[in-house]
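What the coordinates show
What follows is the residue order along each chain.
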Amino acid sequence: MHDAPRRRSLDSLKKEAKRWLAELDTSDAARDRLYRITPDAPASPSLRDVQHALARESGEPGWASLKAALIAAGDASDETLAQYDDMARALLDAYTLGTPEAMERHWSLTWHRRAWRAMRTYVQIDLGRVAGPDVDISLDDARWLVAREHDFADWDDLARAVATAARPEELVTRPIAVFGAAASDRGNARGMSRDWRQVVMALADPMAVGLHAHGQMTDVRAQEISTLTHLTTLRLDGSQQLTDEGVRALAALPNLEHLDLQGSSVTDTGLAALRDLTSLKSLSLAWTGVSDAGMQSLTSLQQLERIDLTGTSCGDGAVRAFAGTPRLRDFRSGVATTDAALPVFHDYPVFKRWHGGVEVLSLTGNEAEPNSLALRGALTDHGMRSLSMLHGLFALDIDDAKLQLTGRAIVPLISMEHLGRLAFDAKDDAMRVIARLPCLRFLSCQDTTASDAAWADLGASTSIESIWGRRCHGLGDRGFAALSRMPTLEKLSVSCLNVSDTALAALPFFPALRELMPMDIPDAGYRHIGACRELDSLVLMYCRDTTDLATSHITQLRKLTSYFASYTQVTDATPRMLSGIDSLERVTFDSCAGLTDDGVGALARLPRLRELRISGQRLTADAARAFPDGVTVHFHR
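Next up on the list: the packing of aromatic side chains. Two aromatic rings, taken as a pair, are described by how far apart their centres are and by the angle between their planes. Under the criterion given, the structure shown has 11 aromatic pairs. For the pair Phe331 and Phe345, a centre-to-centre distance of 5.7 Å together with 65° between the ring planes defines the contact as edge-to-face. Of the two residues, Phe331 sits in strand E8 (residues 330-332) while Phe345 sits in the loop between strand E9 (337-338) and helix H15 (349-352), which places them 14 residues apart along the sequence. Judged by centre distance (6.3 Å) and plane angle (55°), the rings of Phe345 and Phe351 are tilted. You can call Phe345 buried: its relative accessible area is 0%.

See below:
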């Protein structure tokens with residue numbers, strides 16, 4: 001896709017008409033241009049005749065209509081810019097006040113749904129300020145943040161783009177991505193544009209298969225693409241202006257395979273239109289107003305592999321509606337599921353019997369392959385017994401404090417022959433039982449309150465390969481020592497806030513450790529990480545206090561292939577030090593305010609580097625120029 005043509009001002013058109021008139025006496029080309037557009041122009045044209053020809057050339061019937069169109073376009077520019085300004089003012093109010101009303105308005109208009117204190121911290125870091133409780137920001141600061149979030153250099157760049165857009169009323173606030181022929185449910189972007197007309201033109205290409213609207217799909221836009229029957233993938237999550245009317249229009253796309261309606265305004269009424277989309281493989285209705293009644297409209301979708309009802313009022317009726325669906329391998333329930341529905345999962349073929357497939361687990365991702373079940377609702381320890389003997393189930397997510405499940409809920413899972421991933425709000429009574437799960441490879445117990453003794457109990461596991469604990473502040477020296485003896489533990493993400501430096505010294509002696517997210521480890525503690533010579537991946541997420549000193553301790557990791565840093569305090573010294581780790585293949589710097597293009601450019605010396613992802617206050621797209629063609633550079637403002 002190409003950028004939309006620049007809109008011309010009325011003043012520039014007046015000047016062009018005068019120049020054209022003056023050239024008529026001396027230029028055959030000028031006269032040919034006039035009579036080609038207006039063959040009935042007089043032999044001695046006046047300025048009015050030339051203005052009329054210029055209007056016709058611009059696609060308007062006359063000069064008056066051209067002026068009216070320019071005035072309307074100016075109004076549209078003002079309205080579009082006002083939408084961005086509303087985002088900035090909502091951000092400023094939320095940052096300053098923190099009231100529920102201010103936060104809700106900010107969340108509805110902008111991006112991350114963070115709690116007030118976390119939101120303030122990240123705003124300060126994004127602005128390059130030292131985070132603290134008394135940091136004030138201005139409207140200009142808020143406007144800069146909004147501009148950067150929407151991929152502009154600054155507010156002036158944003159305002160200039162709006163003012164020069166050919167059709168400002170068609171200018172979407174965030175670039176829409178169009179997917180190419182290799183798209184899956186995640187898509188393979190082949191172009192982006194803020195001009196909706198350009199997006200529609202790109203989608204009309206048979207090689208395009210879909211789009212990610214970034215929350216900007218409306219009923220009118222849905223109607224406009226409803227004739228493009230080759231489309232297979234529509235990611236419309238967050239599109240609050242998409243209602244049942246728009247969904248009914250999209251139901252005219254017979255080849256649709258992946259449809260994400262998360263956070264849209266679809267209801268049960270709109271679902272009825274989807275019954276004939278029999279090619280549909282994945283459908284997300286998370287956080288929408290659908291219910292069990294609407295699920296009855298979807299029973300004809302026998303090709304479904306994924307259905308996401310997270311945050312909806314759906315319950316037992318939805319579970320029953322999809323029973324027997326032969327390929328359904330990822331089911332995420334609504335909030336009203338009860339014990340009565342759990343036996344029904346024995347009628348889900350993929351969960352009942354092992355069907356094989358490539359097993360995929362990621363330390364930092366929630367997805368799991370080959371199949372996954374997530375449950376929310378009024379479930380009890382007793383009801384969980386119904387899940388035993390689901391020998392096909394690979395990943396089970398019951399990590400929600402509202403479930404009120406105890407360690408006894410885990411006991412029935414011991415009989416599952418292929419349960420490789422468990423997400424659970426594990427407390428002290430659960431860790432010992434979890435250690436007994438014979439095939440468990442991944443435990444997600446985010447922010448668990450389990451004590452140090454319970455972590456020591458978990459250390460008895462001989463199968464767990466990955467642990468995601470994040471803010472698990474109950475972990476101490478005893479528990480950490482137990483983790484260091486786990487024979488299969490390869491990937492670890494835990495808070496070490498209450499782990500002493502003496503205990504951290506065990507890190508190099510973990511038998512199988514390959515990937516580490518070292519939360520709450522001070523810079524000096526990275527000397528122990530630097531001694532983990534088999535480490536393949538280092539993920540500095542939730543490591544906001546980490547500096548260049550930490551980097552200096554890891555330069556001897558000669559097997560490190562992946563380095564990720566997000567919101568850390570590193571400067572250009574860090575990429576310069578990393579440029580000496582020849583094994584690096586993938587590097588990410590996400591919102592690291594201390595980096596510049598010059599510092600990042602040092603990574604071009606890495607002989608095996610294949611992918612670089614960068615964003616930060618002082619970074620620009622020019623950073624990519626330092627890298628050879630074999631390196632893919634993803635830049636986000």
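Having seen the model, we can carry on.
Take the side chain of Ser461 next. Mapping Ser461 onto the fold places it in the loop between helix H17 (452-458) and strand E17 (466-470). Relative accessible area serves as the criterion here: at 1%, Ser461 is assigned to the buried category. Within the structure, the side chain of Ser461 is placed 3.2 Å from the backbone nitrogen of Ile464, a separation counted as a polar contact.

A word on the environment of Ser46. Within the secondary structure, Ser46 is located in the loop between helix H2 (28-37) and helix H3 (47-57). It is 7.4 Å that separates the C-alpha atoms of Ser46 and Leu21, two residues lying 25 residues apart in sequence.

Before going further, it helps to examine H3. Within H3, the full set of buried residues consists of Val50, Gln51, Ala53, Leu54 and Ala55. A positive backbone phi angle near 95° is found at Gly59, which sits one or two residues after H3.

Cis geometry marks the peptide bond from Glu369 to Pro370; its omega dihedral reads 20°. Checked against the element boundaries, Pro370 lands in the loop between strand E11 (368-369) and strand E12 (372-374). In this structure, His214 takes a positive phi of about 50° despite not being glycine. Take His214: it is sitting in the loop between strand E3 (210-212) and helix H10 (219-225). Judged by its relative accessible area of 24%, His214 is partly exposed. Non-glycine residue Met389 carries a positive phi angle of around 75°. Within the secondary structure layout, Met389 lies in the loop between strand E13 (377-378) and strand E14 (395-398). Taking relative accessible area as the criterion, Met389 reaches 42% and is therefore assigned partly exposed.

Criteria and thresholds
Along each chain, residue indices are assigned from 1 in the same order as the chain's sequence is written. Local features in this predicted model are restricted to residues of pLDDT 70 or higher, and side-chain atom pairs are both shown and tallied only at a pLDDT of 80 or more, whereas totals for entire chains, interfaces and linings draw on every residue. Based on all heavy atoms of the structure, the side-chain values leave hydrogens and waters out of the count. Paired rings are identified among Phe, Tyr and Trp, the last through its six-membered ring, by centres lying within 6.5 Å, and are further divided according to the angle between planes into stacked (under 30 degrees), edge-to-face (over 60) and tilted (the rest). What counts as a helix is a DSSP run of H or I of at least four residues, what counts as a strand is a run of E of at least two, and both are numbered from the N terminus. The cut-offs for exposure are 20% and 50% of the maximum accessible area for each residue type, with area from a 1.4 Å probe on protein chains only; residues under the lower value are buried, those over the upper are exposed, and the others partly exposed. Any N or O atom pair separated by 3.5 Å or less is treated as a polar contact, with the protein-specific requirement of one donor-capable and one acceptor-capable atom, and with residues adjacent in sequence counted only for side-chain atom pairs.

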